[in-house]
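Secondary and tertiary structure notes
Here is how the chains run, residue by residue.
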Amino acid sequence: MTSDRLETGIVDWIAEAGLSGASENELLEGFCTRLIAQGWPLSQGSLIIDTLHPLYEGRAFRWRSSRQEPTSMTAYRRMDEDQHIASAWEQSPFYHLETSGEDLLRRRIEPGEAPDFPILGDLAELGDRDYIALVSRFGASGQIGEMDCIYSSWASDHEDGFSDEQVAELPRLVLHLALALRGVSLMRIAESIAETYLGRDTGRRVLSGSITRGVPERISAVIWFSDLRGFTKISDTANPGDIIPFLNDYAEAVIESVHDAGGEVLKLLGDGTLAIFRSAALANACHAAIEAERSLRERIAEVNGRRRERGVAVTDVYLGLHVGEVFYGNIGSEDRLDFTVVGAAVNEASRIAAFCRSVERDVLLSPDFHEAAPGQDREVFVSVGRYALRGIGQPRELFTVVRG
């Protein structure tokens, strides 16, 4: 097959795979296997692309012809958080390309010779004899966060390595692969941002097209409203630099407890958290909320233990649980929407949570929650009396959870 026909065939496949939503692993593996089918002496291919994620700086994808396992993906943490990653990066061919401004680096791998990059020694042990590193850069308007290019590397275990024609052709082919990879990576970034800032279910709803203002869904749900005890006093007396780590420690405990039990965190309101639990059977949603509360107490104990060892402020979480009908959807102006829940039940959950301070309880349940919860959960519910809640018409009997 001529070079032009080879390039056209692979480019057409990349375009079709990219438009069909192929994953990064599928793109890399398909690209490599098609090169080999056309006679390229390819033994290894890898792709590296930065991302926009609260925990990870980017993802690396690797394919090896001689291995039986599928193409692998590794998410790497931020270099400013991991000195090992930073050191490895500074000794890599990609760092050389970044600092030199070059687009291509090629090295012949000679067994027994000291390589100028550690990766070449690793490849020599695998039997590789030729290595190419490339950088496919994006224009300024095509960048998002730190994602401004795609790095790729290609190795051959053939004694003669790549031909000069292949070395010249590879960058053109990789440009098309980089474009498809950028597309799928942008979709992952959109999903990550939506779920991180809006919540799991809400993020998926927004990305699926639920962005019309004023079209809420009427749902029955368990409403979770929690706050940190004594946060105002703590924030007034703590070192300003300690406030965000303080909030993060306790927010992580709350959010993980809700998510692990199948709930959806809708809002972080300073030190407060609004979440919902939904199920076809309301009793199941109530049970999930109680499981989340139980898990939260265990996590708070662990957080407080770690913080006491460091000699920093500790607190607790107080929680109100209620069930009711709410409106779930987009609320706001034409150019600024919030996907949340509103309704009298949300207000009542907030009032119940706030009342925890008055009766010195960590959790209070509404009578509606008590009635909807399954029998095995009600065995640990204890009435704390009837109280008038601000903004609620009639006094309400409230319950707490008492475990042996």
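About the criteria used
Residues numbered from 1 in each chain as written. Predicted model: local features only at pLDDT ≥ 70, side-chain atom pairs only at ≥ 80, totals over all residues. Heavy atoms only, no water. Helix = DSSP H or I, 4+ residues; strand = E, 2+ residues; numbered from the N terminus. Rg over C-alpha atoms; globule rule 2.2 N^0.38 Å. Buried < 20%, exposed > 50% of the residue type's maximum accessible area, 1.4 Å probe, protein only. Contact = heavy atoms within 4.5 Å. Areas by Shrake-Rupley, 256 points an atom, 1.4 Å probe, with all protein chains shown as cover. Lys, Arg positive; Asp, Glu negative; His and termini not counted. Charge placed at Lys NZ, Arg CZ, Asp CG, Glu CD. pLDDT = per-residue confidence, 0-100. Pairing = 2+ DSSP bridges. Expected span 1.5 Å × (residues − 1). Axes fitted to C-alpha atoms, helices over the stretch in contact; angles between N-to-C directions. Parallel < 35°, antiparallel > 145°, perpendicular 65-115°, else oblique. Left-handed = near helix turned anticlockwise from the far one by under 90°. Phe/Tyr/Trp six-rings, centres within 6.5 Å; stacked < 30°, edge-to-face > 60°. Nonpolar A, V, L, I, M, F, W, Y, C, P; charged D, E, K, R; others polar. Core = buried A, V, L, I, M, F, W, Y, C linked by side-chain atoms within 4.5 Å.

Before going further, it helps to spend a moment on the overall build of the protein. Regarding its fold elements, the protein presents 13 helices and 14 strands. Computed over C-alpha atoms, the radius of gyration of the protein comes to 28 Å, more than 25% over the 22 Å expected from 2.2 N^0.38 for 404 residues, which places it beyond the range of a compact globule. With the principal axes as the frame, the protein shows a C-alpha extent of 85 × 50 × 40 Å. Counting over 404 residues, the protein shows a buried share of 43%. Counting only contacts in the protein whose residues sit at least 6 apart along the sequence, the fraction spanning at least 24 positions is 64%. Carbon and sulfur atoms make up 48% of the accessible area of the protein, which amounts to about 20,600 Å² in all. Treating the 41 positive side-chain charges of the protein as one cloud and the 63 negative ones as another, the clouds have centres 8 Å apart.

Before going further, it helps to spend a moment on the confidence of the model for the protein. Caution applies to low-pLDDT parts of the model: their predicted coordinates are not meant to be read in detail. Confidence in the prediction of the protein, expressed as mean pLDDT, is 89, and 96% of residues score 70 or more. Confidence, read as mean pLDDT per element, is least for helix H7 (residues 200-207) in the protein (79) and greatest for strand E12 (residues 363-365) (97).

Here we come to the pairing of strand E10 (residues 317-332). Judged by how many residues are buried, E10 sits mostly within the fold: 12 of 16 residues are covered. The pairing of strand E7 (residues 217-228) with E10 spans 12 bridges and is antiparallel. What sits directly across from Ser 220, in E10, is Glu 325. In the sheet, E10 pairs with E12 via three bridges, with the strands oriented parallel. The residue of E12 that forms the bridge with Leu 321 is Leu 365. The hairpin formed by E10 and strand E11 (residues 337-342) contains four residues between the paired strands.

Helix length check: helix H10 (residues 282-310), at 29 residues, gives a terminal C-alpha distance of 42 Å against a target of 42 Å (1.5 Å per residue), a fit within 8%. Just beyond H10, the residue with positive phi is Gly 311, at close to 75°.

Right, let's get into the packing of helix H2 (residues 24-37) against helix H6 (residues 164-198). Close contact between H2 and H6 brings their axes to 9 Å; oriented N to C, the two are set at 165°. The angle between H2 and H6 places the two elements in the roughly antiparallel class. Two packed elements cross with a definite hand, and for H2 against H6 that hand is right-handed. Mapping the contact onto sequence places Glu 24, Leu 27, Phe 31 and Leu 35 in H2 and Leu 170, Leu 173, Val 174, Leu 177, Ala 180, Leu 181, Val 184, Ser 185 and Arg 188 in H6.

The next subject is helix H9 (residues 240-260). Between the first and last C-alpha of H9 there are 31 Å, a value that for 21 residues agrees with the 30 Å anticipated at 1.5 Å per step. Regarding H9, the residues found buried are Ile 243, Phe 246, Leu 247, Tyr 250, Ala 253, Val 254, Ser 257, Val 258 and His 259. Positive phi shows up at Gly 262, right after H9, with a value of about 90°.

With that settled, the discussion passes to the side chain of Arg 299. Locating Arg 299 in the fold gives a position in helix H10. Owing to a relative accessible area of 17%, Arg 299 belongs among the buried residues under this scheme. Beyond its immediate stretch of four places on either side in the chain, Arg 299 contacts Ala 253, Glu 256, Ser 257 and Asp 260.

Here we take up the packing of aromatic side chains. In this structure the tally under the stated criterion is 11 aromatic pairs. Seen from their ring centres, Trp 89 and Tyr 151 are 5.4 Å apart, and the 70° between their planes marks the pair as edge-to-face. With Trp 89 in helix H3 (residues 83-90) and Tyr 151 in strand E6 (residues 149-156), this residue pair connects regions lying 62 residues apart in the sequence. By relative accessible area, Trp 89 is classed as buried at 17%. The class of Tyr 151 is buried, set by a relative accessible area of 9%.

Each packed pair of helices is defined by two parameters, the angle between the axes and the distance between the axes. Packing of H6 against H7 leaves a shortest axis separation of 7 Å and a crossing angle of 135°. What the angle tells us is that H6 and H7 run oblique. Considering only the axes of H6 and H7, their crossing is right-handed. In contact with Ala 190, Glu 191, Ala 194, Glu 195 and Leu 198 of H6, H7 contributes Arg 200, Thr 202, Gly 203, Arg 204, Val 206 and Leu 207. Tallied by class, the residues present in the contact of H6 with H7 amount to five nonpolar, two polar and four charged.

A few words now on the nonpolar core. Ranked by internal contacts, the top residues of the largest apolar core, which has 35 residues, are Val 222, Trp 224, Phe 277, Leu 321, Leu 365, Phe 369 and Phe 381. Broken down by secondary-structure element, the contributors of at least two residues to this core are E7, helix H8 (231-237), H9, strand E9 (272-277), H10, E10, E12 and strand E14 (396-401). Sequence-distant contacts of Phe 277, that is, excluding residues within four places in its chain, are made with Ala 221, Val 222, Trp 224, Val 258, Ala 261, Gly 262, Gly 263, Ala 285, Ala 288, Ala 289 and Ala 292.

Most of E9 is tucked away, with six of its six residues classed as buried. Along E9, one buried face is formed by Gly 272, Leu 274 and Ile 276 and the opposite face, lined by Thr 273, Ala 275 and Phe 277, is buried too. As paired strands, E7 and E9 are joined by five bridges and run antiparallel to one another. Looking across to E9, one finds that Phe 225 is bridged to Leu 274. Following strand E8 (residues 264-269), the chain reverses through two residues before pairing antiparallel with E9; Gly 270 in that reversal takes a positive phi of roughly 70°.

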